[in-house]
Amino acid sequence: QVQLVESGGGLVQPGGSLRLSCAASGSIVSLNAMGWYRQAPGKQRELVAGITSSGRLNYADSVKGRFTISRDNAKNTVYLQMNNLKPEDTAVYYCSLKHFVGGNVFWGQGTQVTVSS
């Protein structure tokens, strides 16, 4: 099993910044992808950004140029730097880890991000 623990959410004004962190522990397979998803009230969960263990990146169009995903493989930790936040970024943000071998997907408990004046 893999455990994911997120931190860094909160309340921020429009135009502000937040940095989310997600630390993974447990039986982690080296070939994997980590990512951030979000779910706003009444909406489906959507991919925000992803990064593979080799560094390949993927971003949702809505966050390109504002959000940056990175990871520290030695610490099994993924980060999401969010700049120029907008009210529409308000959601619960979930960290995920997917093993390429076997296809298992693991989720964190979620952290609330609220963008409001």
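Treat the numbers as computed from the prediction; the structure is a model and nothing was measured.

Here the focus is the pairing of strand β11 (residues 111–115). Alternating positions in β11 separate cleanly, Thr111, Val113 and Val115 being buried on one face and Gln112 and Thr114 remaining unburied on the opposite face. Inspection of the sheet shows strand β2 (residues 10–12) paired to β11 by 3 bridges, in the parallel sense. If you follow Val12 over to β11, its bridge partner there is Val115. The pairing of strand β9 (residues 91–99) with β11 spans 3 bridges and is classified as antiparallel. Bridge pairing in β11 links Val92 to Gln112.

This paragraph deals with the sheet that holds strand β1 (residues 2–7). A sheet is described by the order of its strands in space; here 4 strands give the open sequence β1-β3-β8-β7, paired in antiparallel fashion. Across the chains shown, the open sheet's two edge strands, defined by having one partner strand only, are β1 and β7 (67–72). Averaged over all pairs of adjacent strands, the angle between strand axes in this sheet comes to 15°, irrespective of strand direction. Across 6 bridges, strand β3 (residues 18–26) lies against strand β8 (residues 77–82) in antiparallel orientation. Note that in β8 the partner of Leu20 across the bridge is Leu80.

Rules and cut-offs
- Residues numbered from 1 in each chain as written.
- Predicted model: local features only at pLDDT ≥ 70, side-chain atom pairs only at ≥ 80, totals over all residues.
- Heavy atoms only, no water.
- Buried < 20%, exposed > 50% of the residue type's maximum accessible area, 1.4 Å probe, protein only.
- Helix = DSSP H or I, 4+ residues; strand = E, 2+ residues; numbered from the N terminus.
- Pairing = 2+ DSSP bridges.
- Axes fitted to C-alpha atoms, helices over the stretch in contact; angles between N-to-C directions.

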